[in-house]
Amino acid sequence: MAKKVLDANWTGSYTKPSPRLYPHQWNWDSGFIAIGYAHYNQDHAQKEIESLFRAQWPHGMVPQIVFNPHALGNYFPEPDFWRVPEGRPTSGITMPPLHATACLHIYQHARHREQARDFLQTMYPRLLASHRYLYKYRDPERSGLVYIRHPWESGLDNSPTWDGPLDNIEIDKKTLPDYERKDLKHGVPPAQRPSDAHYDRYVHLVDLFRRHQYDEESIYHECPFLIQDVLFNAVLSRANRDLVEIGKTLGLDTREVEEWRDQTASGISQRLWCSDCNQFEAFDLIQRRLIHTPTVAAFMPLFGGTASPSQAERLYNYLDTVGFCALHQGNCFTVPTYDMSEKGYDPHNYWRGPIWININWMLFRGLAEYGYKQKADSLKRDLIQLPIRFGFHEYFDSRVGKGYGSDQFSWTAALFIDLIYDYYREDGNRLWAIGSRKGRRLESPRILNTVDSLTPAPQKNIASTLMAAIVDLRTRYFDIHRGRVDYASMKESPEYLAFTKTTGLLRSFDVAQLATPDEKTAFWIDLYNALVIHGIVELNIKASVQEVANFFKSVSYQIGEFVFSLDDIEHGILRANARPPYAIFRVFKIHDRRRRFSLDRVDPRIHFAVVCGSRSCPPIRFYKPEKVDDQLNLAARHFVNSSEVIALPEQHKVFLSQIFRWYERDFGGRSGVLDFVLRFLDEGEEATFLKRHAHLVTVNYLSYDWNLNH
Ligand code: GLC
């Protein structure tokens, strides 16, 4: 599907960023797009870059947009407004210089090496000229940092970072040229786009450039917007590094580029680092100060490779907070563009909160190179999930994942392709996200509570002793807000040893002691959850419980004289011995003595209380008999209001977790599922829509993420 998106947007010489909103060729889009093509269509990858560089200006600038003369009329501003010298069909600004990075990537993945080498040979002088332009004209102070002179040059057009500098620009409405915005005519709601006041300032800047006939020196003296941006300089750093590698591959002298590389790296590290805020920030050359806005650009020196190890560590710690939360159970997907705890954070507005794949892709690469492998891998898996679940959108809601802006968006498709290839290569063909089930098989049952406890506990206290051991583990190794578990450190810990010994006590536990349904429900849910964790740690599960094909069937505890596997507990007991999904038989056959422990009826809320060691399942909580009813309500409410239940009123669709499909009968069929969702869904747009249109909506099921919740 990703390839189809790119094919449909391919014009013969370049790829439109999206079919309607962006019909021309965009500068850094082409870089990202070529990175995707590089894996399967070297010819398109090379042509994409060559087409962009055919429009390079004589002094080396690679323009932000190359207009397609056959697609004019739908975008603003177009060539008639830019009025660039010699009637070139381009805009008069540039964008983050990603192209040396893209060219090196094409070469590294090329099937036809010789052809790729020729390509590098043609491109090297052009790339060199584009960097030389930046250092010659955009770094007049020789600080190693280049400035942007328009928000559109940043690639993050509408970022809150530009608010202050734009607000400082005085506009005289009388002298502002007439113009008509076209960006609101493609069905994207105005709330997701920049404001009119900012548009006036965008236009004011373009007008200034054309009045100066694009002469960089005089623009520098007059322009009220001159900013040394973090992302731009970080991308340039990476490109310098990659350009050196290209030069060396071709046997050329790369000293000039090496000097740029070192100067920019030290400029970023020194001038753009705000040590009080643990982040990199843009420097405003007009106000002569850093701009304090916690946007995702702050982390880009990880991609640029210019953060020192201690800066990287501090960035990482900041990235790993709720502000840039990376887990959907905490109600957000991957890394949003703006700190979620900021007042101006908005999950749908363009660069003010949503997730963009290109940004997350750069972060993924940066984190991986700095050795934050676990975070990088988790980011990669989330990124792969987003388009699978919601389509190839321009950007995505950072809380629930649904897609916004343009759909059929080229760089989303291209970078998805790059990530998928990486995933197959790195993770040894185990694409659990899409559901292959080829794990090793275990002997069945595999009883885990074989270690003896040193201190026998009195019968009636076994459940609470076990819970106390789990609470100890939870305190240290479970991040309950994010539903994550640090399995690796857990395994080595004294708390884990204590826990395994406590499970030994279960061997002399008499289940018949559990009297009330509440006691039973709480006990069995807790036991199930403990056994899942125990199984993951003992069996050294690395990426997904699906590594063991019969995980749920075989992982077991001996309780009194009986053995209970995870399936026995879930289906036999908690689901009142209902048939497991896709199974022919119930788990307790007619003469099974364990049948007497089954609950009398299925309470569908249990599905949001049992964990399965995967990211799509509920986070771990602990259930107590006296509170279990309230706790189950809470669990259901959390789940239904997370990204596992999504309504798209405008498309008359709801997306539900697979749990609702697998266990539809527990909810009383399809209509029972919707009633259940409505019972727990918070008031709001989605609930109102569902109440009114429950009979009209199409129900889609979200792909289940079987990756481990570590
Ligand atoms: C928007 C984005 C920019 C992108 C362009 C084309 O303007 O802000 O980064 O290059 O669309 O996709």
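Along each chain, the written sequence defines residue order, and numbers are assigned to residues from 1. Totals for whole chains, interfaces and linings use all residues, but because this is a predicted model, local features are given only for residues with pLDDT of at least 70 and pairs of side-chain atoms are given and counted only at 80 or more. Based on all heavy atoms of the structure, the side-chain values leave hydrogens and waters out of the count.

**Student:** Where do I start with the overall build of the protein chain in this structure?
**Tutor:** What counts as a helix is a DSSP run of H or I of at least four residues, what counts as a strand is a run of E of at least two, and both are numbered from the N terminus. Within the protein chain, the regular secondary structure consists of 26 helices and 17 strands. Here the C-alpha radius of gyration of the protein chain, 28 Å, is about what a compact globule of 710 residues would show, namely 27 Å. The C-alpha extent of the protein chain, read off along each of the three principal axes, is 90 × 55 × 50 Å. When the 710 residues of the protein chain are sorted by exposure, 62% land in the buried category. Per-residue and other accessible areas were derived by the Shrake-Rupley procedure at a 1.4 Å probe size, with only the shown protein chains allowed to occlude residues. Counting only carbon and sulfur atoms, one obtains 49% of the accessible surface of the protein chain, whose full area is about 27600 Å². In the protein chain, 85 side chains carry a positive charge and 87 a negative one; their mean positions are 5 Å apart. Restricting the calculation to C-alpha atoms gives the radius of gyration, and the globule rule supplies 2.2 Å times the number of residues raised to the power 0.38. In this scheme, a residue with accessible area under 20% of its type's maximum is buried, one over 50% is exposed, and one in between is partly exposed, where area comes from a 1.4 Å probe on protein chains only. Positive: Lys, Arg. Negative: Asp, Glu. His and the chain ends are not part of the count. In plain terms, the charge of a residue is placed at NZ if it is Lys, CZ if Arg, CG if Asp and CD if Glu.

**Student:** Would you mind showing me how to read unusual backbone geometry here?
**Tutor:** Excluding glycine, most residues fall at negative phi; most peptide bonds, likewise, are trans. Of note, the amide linkage connecting Phe76 to Pro77 takes the cis form, showing an omega dihedral of -5°. Among the structural elements, Pro77 can be located in the loop between strand 2 (65-66) and helix 4 (79-82). The phi dihedral of Tyr350 falls on the positive side, at around 40°, and the residue is not glycine. Within the fold, Tyr350 resides in the loop between helix 13 (309-319) and helix 14 (357-369). The phi dihedral of Gln408 falls on the positive side, at around 50°, and the residue is not glycine. For Gln408, the position within the fold is in the loop between strand 9 (403-404) and helix 16 (410-426). Given a relative accessible area of 34%, Gln408 falls into the partly exposed group.

**Student:** How should I be thinking about the confidence of the model for the protein chain in this particular structure?
**Tutor:** Low-pLDDT stretches of the model should not have their predicted coordinates read in fine detail. The pLDDT value tells you how sure the predictor is about a given residue, anywhere from 0 up to 100. With 92% of its residues at a pLDDT of 70 or more, the protein chain has an overall mean of 89. Residues are treated as being in contact if the distance between any of their heavy atoms lies within 4.5 Å. Taken together, the stretch residues 327-331 has pLDDT below 50 and engages in 28 contacts with residues farther than four places along the chain or on a different chain. Taken together, the stretch residues 428-436 has pLDDT below 50 and engages in 24 contacts with residues farther than four places along the chain or on a different chain.

**Student:** I tried to follow the sheet that holds strand 13 (residues 555-559) on my own but got confused; where do I start?
**Tutor:** Either a parallel or an antiparallel arrangement is found when strands of a sheet pair, and the pairing is made through backbone hydrogen bonds. The mixed open sheet is built from three strands, whose spatial order is 10-13-14. Because the sheet does not close on itself, it has two edges, and the strands there are strand 10 (446-447) and strand 14 (562-565). Relative to strand 14, strand 13 is paired through four bridges, and the arrangement is antiparallel. When the sheet's bridge partners are listed, Gln558 is paired in strand 14 with Val563. Packing of helix 20 (residues 517-538) onto the sheet brings it into contact with strand 13 and strand 14, and relative to strand 13 it is tilted by some 130°. Criterion used throughout: strands pair if DSSP finds at least two bridges between them. Interaxial angles span 0 to 180 degrees and are taken between N-to-C directions of axes, which are lines fitted to C-alpha atoms, for helices over the stretch in contact.

**Student:** Please explain the site of the ligand as it appears in this structure.
**Tutor:** Nearness of a residue to a molecule or strand requires only that one of the residue's heavy atoms be within 4 Å of it. Surrounding the ligand, one finds Pro17, Tyr22, Trp26, Trp28, Asp29, Met95, Gly155, Asp157, Tyr350, Trp351, Phe409 and Trp411. Contact between the ligand and Asp157: an oxygen atom at 2.8 Å from a side-chain N or O atom of the residue. Cavity and pocket criteria rest on a 1 Å grid covering protein atoms alone: a 1.4 Å probe that fits but cannot get out defines a cavity, protein on both sides within 12 Å along at least 5 of 7 lines defines an open pocket, and an atom within 4 Å of a point defines a lining residue. Think of it this way: if more than half of a molecule's atoms are within 2 Å of a pocket's grid points, that molecule is in the pocket or cavity. The cavity where the ligand resides is the largest cavity. Following the grouping adopted for this structure description, the nonpolar residues are Ala, Val, Leu, Ile, Met, Phe, Trp, Tyr, Cys and Pro, the charged ones are Asp, Glu, Lys and Arg, and the polar ones are all others, Gly among them. Residues of the shell around the ligand, tallied by class, amount to nine nonpolar, one polar and two charged. We call two N or O atoms a polar contact when they sit within 3.5 Å, provided that within protein one can donate a hydrogen and the other can accept it, with sequence-adjacent residues counted only if both atoms are side-chain atoms.

**Student:** I'm lost on the environment of Leu156 in this one. Help?
**Tutor:** Mapped onto the elements of the fold, Leu156 is located in the loop between helix 6 (113-137) and helix 7 (163-167). Counting along the chain gives 195 residues from Leu156 to Trp351, while the straight-line C-alpha distance between them is 6.1 Å. If near-sequence neighbours (up to four positions away) are discounted, Leu156 is found in contact with Trp28, Pro151, Trp162, Leu231, Ala297, Trp351 and Ile359.

**Student:** Mind showing me how you'd approach the packing of helix 5 (residues 99-108) against helix 10 (residues 230-249) here?
**Tutor:** Two measures define how a pair of helices packs: the angle their axes make with one another and the distance between the axes. Look at helix 5 against helix 10: their axes get within 8 Å of each other, and the N-to-C directions meet at 45°. In terms of their interaxial angle, helix 5 and helix 10 are classed as oblique. The way helix 5 lies across helix 10 gives a crossing that is left-handed. Contacts between helix 5 and helix 10 involve Ala100, Thr101, Cys103, Leu104, Tyr107 and Gln108 from the former and Arg238, Ala239, Asp242, Leu243, Glu245, Ile246 and Thr249 from the latter. When its residues are assigned to classes, the contact of helix 5 with helix 10 shows seven nonpolar, three polar and three charged. Angle categories are assigned with fixed cut-offs, so that under 35 degrees is roughly parallel, over 145 is roughly antiparallel, 65 to 115 is roughly perpendicular, and the rest are oblique. For any pair of crossing helices, the crossing counts as left-handed if the nearer helix is rotated counterclockwise from the farther one by less than a right angle, and right-handed if it is rotated clockwise.

**Student:** Just to check I follow, could you spell out the packing of aromatic side chains for this structure?
**Tutor:** When we look at a pair of aromatic rings, we describe it by the centre distance and by the angle of the planes. Stacked, tilted and edge-to-face are the three classes applied to pairs of Phe, Tyr and Trp rings, where Trp contributes its six-membered ring and a pair requires centres within 6.5 Å; stacked means planes under 30 degrees apart, edge-to-face means over 60, and tilted covers the rest. A full pass over the atoms with the stated rule returns 54 aromatic pairs. Centroid distance Phe639 to Phe660: 6.4 Å. Interplanar angle 55°. Geometry classified as tilted. In this pair, Phe639 is assigned in helix 23 (residues 628-640) and Phe660 in helix 24 (residues 658-662), connecting sequence segments 21 residues apart. For the residue pair Phe639 and Phe660, the accessibility class agrees, reading buried in each case. As a reminder, the over-ring test applies to NZ of lysine and CZ of arginine, requiring each to be within 6 Å of the ring centre and within 35 degrees of the ring normal. Positioned above the aromatic ring of Phe209, the side-chain terminus of Arg149 is 4.5 Å from the ring centre. Geometry around Phe564 places Arg594 over its ring, the cationic atom sitting 5.8 Å from the centre.

**Student:** Help me out: how do you make sense of the pattern of salt bridges in this one?
**Tutor:** Between side chains of opposite charge, pairing is possible as soon as their charged atoms come close. A carboxyl oxygen of Asp or Glu within 4 Å of a side-chain nitrogen of Lys or Arg is what we treat as a salt bridge. Inspection of the entire model under this criterion finds 39 salt bridges. Between Asp163 and Arg352 there is a salt bridge, with its nearest N and O atoms 2.6 Å apart. Of this pair, Asp163 sits in helix 7 while Arg352 sits in the loop between helix 13 and helix 14, and the two are 189 residues apart along the sequence. Residue Lys691 pairs with Glu683 through a salt bridge whose shortest N-O separation is 3.6 Å. One salt-bridge network, held together by shared partners, links Arg365, Asp377, Lys380, Asp418 and Asp422.

**Student:** Honestly, empty space enclosed by the protein in this entry has me stumped. Any pointers?
**Tutor:** The method is simple in principle: a probe with the dimensions of a water molecule rolls over the atoms, and the space it marks as empty is what remains. Grid points are joined across faces, edges and corners, and a volume is the space filled by probe spheres set on the points. Under the definition given, this model contains five cavities of 30 Å³ or more. Computed from the structure, the largest cavity encloses a volume of approximately 300 Å³. Taken together, 26 residues form the lining of the largest cavity, with Tyr22, Trp26, Tyr75, Asp157 and Tyr350 sitting closest to its centre. The residue inventory of the lining of the largest cavity, partitioned by class, reads 16 nonpolar, four polar and six charged. What the second largest cavity holds in volume is close to 90 Å³.

**Student:** What should I look at first to understand the side chain of Thr412 in this one?
**Tutor:** By secondary structure assignment, the location of Thr412 is in helix 16. A polar contact of 2.6 Å, which involves the side chain of Thr412, links it to the backbone oxygen of His393. If sequence neighbours within four positions are ignored, Thr412 has contacts with Ile357, Pro387, Phe392, His393, Glu394 and Phe396.

**Student:** Honestly, the state of the cysteines in this entry has me stumped. Any pointers?
**Tutor:** Linking two cysteines covalently via their sulfur atoms produces the bond known as a disulfide. In this description, the term disulfide denotes a pair of cysteine sulfurs within 2.5 Å. Counted under the stated rule, the structure contains one disulfide. A sulfur-sulfur separation of 1.9 Å characterises the disulfide bridge that pairs Cys274 with Cys277. An S-S torsion of about 95° defines the bridge between Cys274 and Cys277 as right-handed. Here Cys277 falls in the partly exposed class, since its relative accessible area comes to 23%.

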